[in-house]
Each structure stands twice: as C-alpha cells, then as structure tokens.
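Next come the chains, spelled out residue by residue.
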Amino acid sequence: MTSNKTRELTMVALMAAIVFVATYLIKIPNPATGGYSHMGDCMIFLAVVIMGRRNGAIAGALGAGLSDLLAGAAVWILPTLVIKFIMATIMGTIMLKDTSSRKLQVLGAAAGGIFQIIAYTIVKVFLVGVHPAIASLPNVTIQTTVGIVLFVVLVSVLSKYIGKLVGKRAE
C-alpha cells in the first residue's frame, strides 16, 4: 500500500519531468520573432489543475529550472524557478474557490501568464539591458499565449480523466 505522501511526491516528480520535456524538447518555431514557443507553460498550468497550487507550482518550477540547467542557461535557473513558481501559485490561488471551474482555470492561467511576461522582462532589463528586454516582449508574450491556448485545448480534451487524477491534494 502506498502512502499519500509517496503518491504526492511521485506526482510532483512526474509532472516536473513532463514540464521539463515539454520545455526542453518540444519547441514551436516563431518565424515572426526568430524565437520559439514551448509547451512547458501549458504543462505547468495542467500541473496546477491536477495537483493543486503548491505541488503544481513546485513541479512547474523544478521542471522549467531543470530545462534551463540542461540548456546551458545557468543565469536563468534562479529567475525561472521563482517566476514559474509564482506564475503557478497565482493560477492556483485564483482557482481556490472552485478548482474544477474552467473559467477560473483560464483566468488563473492568464493572470499567471501576465505575471510571467512582466517578471521575465524585468529580469532581462538587469541581465541584458532595457532595449533587448523590450525587444523580447513579443516573443515572451507569444510564448505565454501559446501556452495558455494549448492548456485550454489540452484540459478540454483531458477533462474526463483529470477528475480521476485529482483525488485529495494539498493546496
């Protein structure tokens, strides 16, 4: 018999791995900006829906931070850990009243996404300067928007299975 803590830890590790793979390996090129979008944000939002605010935020931060580490972007690891954790926490906080409400899920993802856009832009000001930070705004906005849209599609497709995964979770 598996304890709830073991199940919880296993789910966090599994979702962190999924966030990592979706961030590190699945890249959608954006010819308009020369950058790319990834499915990592989508999986972070899904993690919050499945595991709740705290565990979803932990899985999202760890998976995205690991992606930066293995991509050789060491300077981004700490900002990513903090930004993705807060982004997921914002979503989870908005969803607290009704975790199964699609409206609150989308509103939470959008609010977390807006925070992410602002936070990454502020960090970029300190790391690369004001002009490059502002120039990167379209790319981070597109990436975040793609993550939210993919999340809405994915959660709609998986909605009948998500209820089985949720069970009891820590908020």
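Scroll up a little and you will see the structure.
Sequence order sets the numbering: in each chain, residues are counted from 1 along the sequence as written. A pLDDT threshold of at least 70 governs which residues receive local features in this predicted model, and a stricter bar of 80 or more applies before side-chain atom pairs are shown or counted, although totals over entire chains, interfaces and linings include all residues. Side-chain calculation: all heavy atoms of the structure are included, whereas hydrogens and water are not.

Can you walk me through the environment of Met87 in this structure?
Note that Met87 resides in helix α4 (residues 77-95). Among the residues examined, Met87 registers a relative accessible area of 0% and is labelled buried. The spacing of Met87 and Ala111 is 24 residues in sequence and 7.9 Å in space, taken between C-alpha atoms. The contact definition used throughout considers only heavy atoms, calling two residues in contact when any of these lie within 4.5 Å. The contact partners of Met87, leaving out residues within four places of it in the chain, are Asp41, Ile44, Phe45, Gly112, Gly113, Phe115 and Gln116. Runs of E in the DSSP output that reach at least two residues are strands. Runs of H or I that reach at least four are helices, and both are numbered from the N terminus. When a residue's accessible area, from a 1.4 Å probe over protein chains only, is under 20% of the maximum for its type it is buried; when over 50% it is exposed; and in between it is partly exposed.

Please explain helix α1 (residues 4-24) as it appears in this structure.
Given 3.6 residues to a turn, an α-helix orients residues that are three or four positions apart in the same direction. A helix is expected to reach a length of 1.5 Å times the quantity of its residues less one. The terminal C-alpha atoms of α1, which comprises 21 residues, lie 30 Å apart, in line with the 30 Å expected from a rise of 1.5 Å per residue. Listed in full, the buried residues belonging to α1 are Met11, Val12, Met15, Ala16, Val19, Phe20, Ala22 and Thr23.

How do you make sense of a nonpolar patch on the surface when you look at a structure like this?
A surface patch of nonpolar side chains, about 680 Å² in accessible area, is lined by Ile114, Ile118, Ile122, Val125, Phe126, Val130 and Ile134. Broken down by secondary-structure element, the contributors of at least two residues to the nonpolar patch are α5 (102-128) and α6 (130-135). Here the nonpolar patch gets five residues from one element, more than from any other, and that element is α5. By the secondary structure assignment, Ile134 is in helix α6. Patch building starts from residues that exceed 30% relative accessible area and form no salt bridge, then joins like charges within 9 Å and nonpolar side chains (Val, Leu, Ile, Met, Phe, Trp, Tyr) within 5 Å. Using a 1.4 Å probe, the Shrake-Rupley method yields the accessible areas, and only the shown protein chains count as cover for residues. A carboxyl oxygen of Asp or Glu within 4 Å of a side-chain nitrogen of Lys or Arg is what we treat as a salt bridge.

Sorry if this is basic, but what is going on with the nonpolar core here?
A general tendency of soluble globular proteins is for nonpolar side chains to be buried together. Remark: nonpolar core denotes a set of buried residues (Ala, Val, Leu, Ile, Met, Phe, Trp, Tyr, Cys) joined through side-chain atoms within 4.5 Å. Residues Phe45, Val49, Met51, Met91 and Phe151 are the most contacted members of the largest nonpolar core, which totals 28 residues. Per-element tally for this core: the top contributor is helix α2 (residues 40-51), with 10 residues. Residue contacts for Phe151: discarding those within four places in its chain leaves Cys42, Phe45, Leu46, Val49, Met91, Gln105 and Ala109. Judged by nonpolar contacts, the second largest core, of six residues, contains Trp76, Ile83, Ile117 and Val140.

Help me understand the packing of aromatic side chains, please; the structure alone is not making it clear to me.
Any two aromatic rings considered together are summarised by their centre-to-centre distance and by the angle between their planes. Each Phe, Tyr or Trp ring, with Trp reduced to its six-membered ring, pairs with another whose centre is within 6.5 Å; inter-plane angles below 30 degrees give stacked pairs, above 60 give edge-to-face pairs, and intermediate values give tilted ones. Within this structure, the stated rule accounts for three aromatic pairs. Ring geometry for Phe20 against Tyr24: centres 5.1 Å apart, planes inclined by 20°, an arrangement best described as stacked. Residue Phe20 and its partner Tyr24 are both found in helix α1; the two are separated by four residues, about one turn of the helix. Ring geometry for Phe45 and Phe151: centres 5.7 Å apart, planes at 65°, overall edge-to-face. Remark: Phe151 occurs in helix α7 (residues 137-166) and Phe45 occurs in helix α2; sequence separation between them is 106 residues. By the criterion adopted, a ring carries a charge over it if an Arg CZ or a Lys NZ lies within 6 Å of its centre and within 35 degrees of its normal. One residue, Lys27, lies across the ring of Tyr24, its end atom 5.5 Å from the ring centre.

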